[in-house]
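Report on the structure
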Amino acid sequence: MRFGKNKKSVPESDGKVQAEGKVSGKRVLIYTPTITGTMDVLFVEGYIRMLNDCWEWKKKGWEFFPLYGKRMFIQNARNLAVEHALRNNMDYLFFIDDDMVIKSNEKLFTKLVEHDKDIIAPLFIHRRQPLAPLIFKREMYGGGR
C-alpha cells in the first residue's frame, strides 16, 4: 500500500530518478502479524530471500522497517500497522503474513515496486474445501459486513 508523498522520503541529495525509473529515498514498513511469535521455517526462508531483494533497494536509498505484530483479529492487527505507518511517515506498507511462502527464485519486493500501483493484493484462497477465492460480492457483503 502506498501512502502520500512526504518530505522525509526525499533523499538529501537531488532526489533524481534512479534504478529502473524509481525515486530513491522511500520508507517501507514491512509488517508481519504472527499468532504466537514463532514462525514456520518455510516462511523464514522466504522472508530472508525477500529481505535480500529489499537490500538491493536499500543500496538505492530506500529504508526498510520490519515490524512484527501479535495477531488479534487480523483486521485489528492490520489497522495497527496502518496507524504505525502513518505516524512514522512511511511511503509504503508491505503486509506479509507468517503463513506465506515466497518462491526462492522470485524477487518479490522488486516485482511489487515495478507494478507502480497504490495497492497490490494477492488472491487469497480458502484454507478448507472448497479451495475457492476469498472474493465477496458487494451486494451480498456490502455495508461493512
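See the structure above.
First, a word on scope: everything that follows refers to the structure included in this document. Sequence order sets the numbering: in each chain, residues are counted from 1 along the sequence as written. Where totals are concerned, whole chains, interfaces and linings use all residues; where local detail is concerned, this predicted model gives features only for residues with pLDDT of at least 70, and gives and counts side-chain atom pairs only at 80 or more. Computation of side-chain values: all heavy atoms of the structure, hydrogens and water removed.

This paragraph deals with the packing of aromatic side chains. Pairing of aromatic rings covers Phe, Tyr and Trp, the last through its six-membered ring, and needs centres within 6.5 Å; plane angles under 30 degrees mean stacked, over 60 mean edge-to-face, and all others mean tilted. Within this structure, the stated rule accounts for 9 aromatic pairs. Their ring planes at 85° and their centres at 6.0 Å tell us that Tyr31 and Phe95 sit as a pair that is edge-to-face. Of the two residues, Tyr31 sits in strand β3 (residues 27-34) while Phe95 sits in strand β5 (residues 92-95), which places them 64 residues apart along the sequence. Taking relative accessible area as the criterion, Tyr31 reaches 3% and is therefore assigned buried. With a relative accessible area of 21%, Phe95 lands in the partly exposed category. Both rings, one in Phe94 and one in Phe109, keep their centres 6.3 Å apart while their planes meet at 55°; by these two values the pair is tilted. Each helix is a run of H or I in the DSSP string that is no shorter than four residues. Each strand is a run of E no shorter than two, and both are numbered from the N terminus. For the exposure calls, accessible area comes from a 1.4 Å probe over protein chains only, and a residue counts as buried if that area is under 20% of its type's maximum, exposed if over 50%, partly exposed in between.

We now examine the packing of helix α1 (residues 41-58) against helix α3 (residues 108-115). Orientation is described by axes fitted as lines to C-alpha atoms, over the contacting stretch for helices, and by angles from 0 to 180 degrees between their N-to-C directions. At a minimum axis distance of 7 Å, the contact between α1 and α3 shows a crossing angle of 55°. Considering their axes alone, α1 and α3 lie oblique with respect to each other. The residues of α3 that touch α1, namely those facing Met50, Asp53, Cys54 and Trp57, are Leu108, Phe109, Thr110 and Val113. Classification convention: Asp, Glu, Lys, Arg as charged; Ala, Val, Leu, Ile, Met, Phe, Trp, Tyr, Cys, Pro as nonpolar; all other residues, Gly among them, as polar. Class assignment of the residues belonging to the contact of α1 with α3 gives a composition of 6 nonpolar, 1 polar and 1 charged. Here roughly perpendicular refers to angles of 65 to 115 degrees, roughly parallel to angles under 35, roughly antiparallel to angles over 145, and oblique to all remaining angles. Throughout, a contact is declared for two residues whenever any of their heavy atoms are within 4.5 Å.

In this section: the pairing of strand β4 (residues 63-70). Strand pairing requires that DSSP identify at least two bridges connecting the strands. Across 8 bridges, the pairing between β3 and β4 is parallel. Looking at the pairing, Tyr31 lines up with Leu67 of β4. Considered for its hand, the β-α-β crossover made up of β3, α1 and β4 is right-handed. A clockwise path from the first strand over the helix to the second, with the strands pointing away from the viewer, defines a right-handed crossover.

Within the secondary structure, Thr32 is located in strand β3. What makes Thr32 buried here is its relative accessible area of 0%. Under this definition, polar contacts are N or O atom pairs within 3.5 Å; protein pairs additionally need one hydrogen-donor-capable and one acceptor-capable atom, and for neighbouring residues in sequence, both atoms have to be side-chain atoms. At 3.2 Å, the side chain of Thr32 forms a polar contact with the backbone oxygen of Ile96. Apart from residues no more than four positions distant in its own chain, Thr32 is found in contact with Met39, Phe43, Tyr47, Leu67, Tyr68, Gly69, Ile96, Asp97 and Asp98.

By themselves, these figures tell us nothing about what the structure is for.
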